[in-house]
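# Structural overview
Here is how the chains run, residue by residue.
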Amino acid sequence: MQSEILYFINYITVEKGLALNTQQAYRRDLGKFQNYLDQKGLALGDVSRQTVLEFLSSLQEFSLDSRSISRVLVTLRNFFQFLVFEKNRHDNPCENIESPKSWKALPKVLTVEQVDSLLSQPNLTTDLGVRDKAMLEVLYATGLRVTELVSIKIQDVHFELGYLNCIGKGSKIRVVPLGRSALVSLESYLRMARWKIIKNKQSDYLFVNRQGQRLTRQGFWKLLGGYGRRAGITLKIKPHMLRHSFATHLLQRGADLRSVQMMLGHADISTTQIYTHVLKERLREIYTRNHPRA
């Protein structure tokens, strides 16, 4: 591949008249690609579209930003177009590869085991621990945003039907199912703890702080971070991570994307499609398990 790189650099220098900095950038990018092919034991003729995609993904793993990866893709596209022009290849494997500038990072999620560990941290012998357990269970059971969680009012919860009303973005109301664990924890909180925490004060909000006032977003963030550390989770836990985990775990167990979109309150399904990598993995597993020649 070294000779092809030299021919290409000579071409962009002499015939295209590109600046020295551009030449050097092209040379560096192609050098990275050559090193990658050498590590994989691949020759230039072995390069396919998939090879290029895997190479670009490897750059992401080394924390190269999207702009830099986009530049590398441009380098490779021009390099292979040159090879096609010189009749050293019949195709350009970089065609129809989307620019990394539009790639969305996959959301960070917790495993089911990590979620179980997190939800087991609150001390249920204390009133605040019972409250915190209920909050965590509701957040994971519904995929609510933290603002939505702390805005729930008592009348929004319908125990007999197992759902709650949630006011989301744009003041839109949506109905979200509550799982059995969340319902049990909520019932315990309302029966045993909330009236002790709030004492003789009045509040319509479901989750209240020590002063009997609505719990703030910042207050919940602090609580969640503490429970994450106690659970031994090395990731810096944020409320949205439980939202992502909610969606991912549902899809892994067979939920359809449209239903998850409705529960998350996404106005456009394109927002929910960030989770489609989960569906692809699940489809691959189903295919491997069920196809007679897989």
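In the block above lies the structure referred to throughout.
To keep things clear, this report deals only with the structure shown in the data block. Here the residue numbers are simple positions, counted from 1 along each chain's written sequence. Totals for whole chains, interfaces and linings use every residue, but because this is a predicted model, local features are given only for residues with pLDDT of at least 70 and side-chain atom pairs only at 80 or more, for both listing and counting. Processing note: side-chain calculations cover all non-hydrogen atoms of the structure and skip hydrogens and water entirely.

## Looking at the packing of helix 2 (residues 20-40) against helix 4 (residues 66-85)
For clarity, the cut-off: Axes here refer to lines fitted to C-alpha atoms; in helices the fit is confined to the stretch in contact. Angles between the N-to-C directions go from 0 to 180 degrees. Under the DSSP-based scheme used, a helix requires at least four consecutive residues in state H or I and a strand at least two consecutive residues in state E, with every element numbered from the N terminus. In what follows, roughly perpendicular refers to angles from 65 to 115 degrees, roughly parallel to angles under 35, roughly antiparallel to angles over 145, and oblique to any angle outside these ranges. Note on contacts: a residue pair qualifies if any of its non-hydrogen atoms lie within 4.5 Å across the two residues. Gly falls in the polar group here, along with every residue not listed as nonpolar (Ala, Val, Leu, Ile, Met, Phe, Trp, Tyr, Cys, Pro) or charged (Asp, Glu, Lys, Arg).
Packing of helix 2 against helix 4 leaves a shortest axis separation of 9 Å and a crossing angle of 85 degrees. If you check the angle between helix 2 and helix 4, you find them roughly perpendicular. Touching Ala25, Tyr26, Asp29, Leu30 and Phe33 of helix 2 are Arg71, Val72, Val74, Thr75, Leu76, Asn78, Phe79 and Phe80, all from helix 4. A breakdown of the residues in the contact of helix 2 with helix 4 according to their chemical character gives nine nonpolar, two polar and two charged.

## Quick look at the packing of aromatic side chains
Going by this rule: Working definition: rings of Phe, Tyr and Trp (its six-membered ring) pair if their centres are within 6.5 Å, and the pair is stacked with planes under 30 degrees apart, edge-to-face with planes over 60 apart, and tilted otherwise. The buried label goes to any residue with under 20% of its type's maximum accessible area, the exposed label to any with over 50%, and the partly exposed label to all in between, with areas taken from a 1.4 Å probe on protein chains only.
Applying the stated criterion across every chain yields a total of nine aromatic pairs. Seen from their ring centres, Phe33 and Phe55 are 5.0 Å apart, and the 65 degrees between their planes marks the pair as edge-to-face. Taken together, the residues span a long stretch of sequence, with Phe33 in helix 2 and Phe55 in helix 3 (residues 49-61) at a distance of 22 residues. Residue class for Phe55 comes out buried when judged on its relative accessible area of 2%. Between Phe33 and Phe80 the ring centres are 6.1 Å apart and the planes differ by 85 degrees, which places this aromatic pair in the edge-to-face class. Separated by 47 residues along the polypeptide, Phe33 in helix 2 and Phe80 in helix 4 bring together distant segments of the chain.

## Side note on the nonpolar core
Short version of the rule: Side-chain atoms within 4.5 Å link the members of a nonpolar core, which is a set of buried Ala, Val, Leu, Ile, Met, Phe, Trp, Tyr and Cys residues.
In terms of nonpolar packing, the biggest core is built from 39 residues, with Val138, Leu144, Leu149, Leu164, Tyr189, Phe207 and Phe220 touching the most fellow members. Elements represented by at least two residues in this core include exactly helix 5 (112-119), helix 6 (127-142), helix 7 (146-150), strand 2 (163-167), helix 8 (180-198), helix 9 (217-230) and helix 10 (239-252). Those residues within four positions of Tyr189 in sequence are excluded, and the remaining contacts are Val130, Arg131, Ala134, Arg194, Ile197, Leu206, Phe207 and Val208. Counting 25 residues, the second largest nonpolar core, distinct from the first, contains Val47, Leu56, Leu59 and Leu73.

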